[in-house]
Structure formats: structure tokens, C-alpha cells
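Structure at a glance
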Amino acid sequence: MVVMQQSALLTKTDVDKAYEVLRPIIRHTPLQYDVYLSQKYHCQVYLKREDLQSVRSFKIRGAYYAIADTPAEQRQRGVVCASAGNHAQGVAWTCHQMQVPATIFMPVTTPKQKVSQVSFFGGDDVTIKLVGDTFDAAAAAAEAFCKENEQTFIAPFNDKRTMAGQGTLAVETLADAAKAGINVDYMFAAIGGGGLISGVAAYVKGTNPATKVVGVEPAGAASMKAALATGGPIALSEMDKFVDGAAVKKVGALTYANVKEYVDDVIAVPEGQVCSAILDLYSKEAIVAEPAGALSVAALAAQQEQIAGKTVVCVVSGGNNDINRMQEIEERSLIFEGYQHYFIVNFPQRPGALREVVNEILSPDDDITKFEYTKKVNRGEGPVLIGVRLGDRATLPGLLERLSQFDPRYINLKDNQMLYTMMV
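Owing to the predicted nature of the structure, the values given are computational and were not obtained by experimental measurement.

How each quantity is defined
Residues numbered from 1 in each chain as written. Predicted model: local features only at pLDDT ≥ 70, side-chain atom pairs only at ≥ 80, totals over all residues. Heavy atoms only, no water. Patch = residues over 30% accessible without salt bridge, like charges linked within 9 Å, V, L, I, M, F, W, Y side chains within 5 Å. Areas by Shrake-Rupley, 256 points an atom, 1.4 Å probe, with all protein chains shown as cover. Salt bridge = Lys/Arg side-chain N within 4 Å of Asp/Glu carboxyl O. Helix = DSSP H or I, 4+ residues; strand = E, 2+ residues; numbered from the N terminus. Expected span 1.5 Å × (residues − 1). Buried < 20%, exposed > 50% of the residue type's maximum accessible area, 1.4 Å probe, protein only. Contact = heavy atoms within 4.5 Å. Pairing = 2+ DSSP bridges. Axes fitted to C-alpha atoms, helices over the stretch in contact; angles between N-to-C directions.

Structural notes on a nonpolar patch on the surface
A surface patch of nonpolar side chains, about 290 Å² in accessible area, is lined by Leu354, Val358, Phe371 and Tyr373. With respect to the helices and strands, Tyr373 occurs in the loop between strand 12 (367–372) and strand 13 (381–389).

Shown next as C-alpha cells:
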């Protein structure tokens, strides 16, 4: 059990103080009404467009405030941070503006687009070090480097200054809502390490306690839900890194305390649902959201009953999406929505076997998207990897029944993630 002192809790005053520093520096991003999402979920949905921030992410807020609040003599010795991308960009942008030297540690698995952006924003003031496969590995290396060189560590989330800076987007949100006569019933924001949701919740609850604050995590990296379930921060034994901006194995002690105090609910959404939200935002609204940036929108599907008829704000927290990931995003969405399926099927090695599958197993609107087969000499049958995209997902039970009749030993790769990863 983690016992926190009251001073660990952020307050509205802390966020207001950060806002005064950031107001002349940070872009005031729009609060945008979304017609499509409002109709889809039968409520009033507004998007807080932090993807339009200077570095296309809210992270610049916490990074700038934490560095600005560090004594000048101390920060000129150099600052250090660890990040999967967006916090690094915020630190890089800030250090270039202030001409402060920075060493930035990023996981080796960070998308190249984010690494190049950090280099672009930081210029000659920033040195990038790629270390480890996860944020936590990069963070450990950063902290060791920081101690060895007596420099200042700029925490991505577990620091009250960072949390206060992130919370300033809530100052803008509630001010814009009040100006437009909008009463916000729900506010959804992503959780990675918990800095954003802590700052947002502290300000919202200090300003309008009736507004419900909901934190959203990817199901494969739900470290805050794990912390709340066990009574304190705990490292996840396994983690899906797909939502890289929110893939944190262990949340901070400070962020945990603030979430426990201020946040009404923390939910986890499947990565496939996140992919569907990304595609919705892109195709319907021309909004390019990264996986972590779409978490709040993905949560609407899981909260449909609660938000019906309400006014909801979703923080689109970042837009640094690598375009090379779009094929994977579409694939994950189709699988999650139940349209795309993969099977390993034993085919008889005779002419007409494929025609039999097409004519007798698939429905008229189904399509074969993948077919891999090598004929084996002196064998009566051989395994085939087949990908099927359904025209109507309601026809799946019939497909599986016909497939079972064709080969009772077929393998559905949905039930075997290791085989899926290897073969697809």
C-alpha cells in the first residue's frame, strides 16, 4: 500500500500558476464540435485538439513548465529526459527556444518519425540516445546518466510541475466551454504514466466538481488500472507496445495519488478499438491522431450508455502518427471489428481444391486477402494460410461451420497470437 502525503496532490492553484507561465508561449488549441461522433454516440462531443499544438502534442506544456521552473544556473548544466516520443519533442522544442543543452533517451522501438521530429525541434541543442525496448528501460538509462553528470531530470509524468503544465489544457477547455455556454458533463483523456489525467482532473475538480473525469488506457498497457486494483503502482508483467505513447509498465507514485483522489473512472480499451477510432477520425474528420491521441475517442464506444444525451470533451492528445503504420492500423481495426480472419487449413493436393473453398465455403461477398501454399511432393494434402475478409461479419458462424466440414483440424489464428504474429 502506497501512503502519500497531502502535498503530493496537485491543486487548481498549481495549474493556474503553470498557465500564467505558459499562456504567452503555448498555442491555445481549439475546442471543436464533432458532428460525426455526436451523431454516432447520441451525445454532444467536443474535441480538444492538442494534435494542433506546436509539436503536435500536449506534452510541450509539461516539458516547458518543468524546465522553465528549474533555476537558470541549474538548467544550463543540461537537462535529461526519457520518452517514447512526444515528451521528448516537448523537451527538445523548449531547450532549443531557451538554448539549454538536453540529452534525450528514447526506446529503440520508437517510430522513426518521432525520432526525426525530436532532432528537428531540438537542433544542435539536443543529443538523442536510443536505449532499450521500452520506455522504462530508456528511463532507467536516463536517470543513471542524469546522476552521473549531475544534470536535471525532466520527468515525463511523475513530477508536479509536469502534471501542472499538462493540466493547463483543461484551463483552456473550461474557459472556452463557459464562453460558448457549454456545460461539460464528461471529460475523457488518455493515461500513459498519468501526468495528463492528473493535471486535467485536478483543475476540473477544482473548478467544476460535477464534471466527471475519465482516464483511458490501452488494454495491453493498463498500468493505472493495475495500480488502482493493487493499492499502488505496480509493474506490468507483460505489455503491448502498439499504443507507444501510452505504453508505460508502471505509473508514478504522484500520478497514482492524484488519479485516486480526483479521477472518477479509469477504463481500458482494446488496441483494435483504438485503431478504429484513428480511422474514424481520419476518414470522417481529416484528423491525423496517433494511437495514444485517439484513446479518448476510442473510449466513447465503451461508454455509450453513460454519455447518451450528455456533453463530452475528448482530448485528442497527439497527432504524431507515422504514416507507415496505417496498414497495420487498418488491419487491427478490421480484425477487431470482426471482418478480417486468418486460418490455417489442410488442403487436398488436387486440382480444384481452391475453387471448392471459394464456391462452397466463402459467402458471395467474402474476399480472399491472403493465400500462401507450397505444394509438397508425395503428400496427399498440405497446410494453407488463408486470409478472409467478410462482406458481412454476421456470416462468420456459417463460414466456420463450412470450414470445419472441409477440414475439422483447421486452426483459427485468432486463437493463437504467436502463430498469427509469425505468419501474418
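Okay, back to it.
Focus on helix 5 (residues 86–98)
A rise of 1.5 Å per residue sets the reference length of helix 5, with its 13 residues, at 18 Å; its end C-alpha atoms lie 18 Å apart and thus fit the reference within 8%. Of all 13 residues that make up helix 5, eleven are buried, and the element is covered over most of its length. For helix 5, the set of buried residues is Asn86, His87, Ala88, Gln89, Gly90, Val91, Ala92, Trp93, Thr94, Cys95 and Met98. If you follow the buried residues of helix 5, they end up packed against helix 3 (59–68), helix 4 (72–75), strand 3 (79–82), strand 4 (102–106), helix 6 (112–122) and strand 5 (126–130).

Digging into the sheet that holds strand 6 (residues 152–153)
Spatial strand order, 5-4-3-6: four strands in an open sheet with parallel pairing. In this open sheet, the two strands that pair with only one neighbour each are strand 5 and strand 6. For strand 3 and strand 4, the ladder comprises four bridges, and the chain directions are parallel. For Val79, the partnering residue across the bridge sits in strand 4 and is Ala102. Along the sheet, helix 6 contacts strand 4 and strand 5; its crossing angle with strand 5, the most-contacted strand, is approximately 160°. Sitting on the sheet, helix 7 (residues 135–149) touches strand 3, strand 4, strand 5 and strand 6, and the angle it makes with strand 3 is about 165°.

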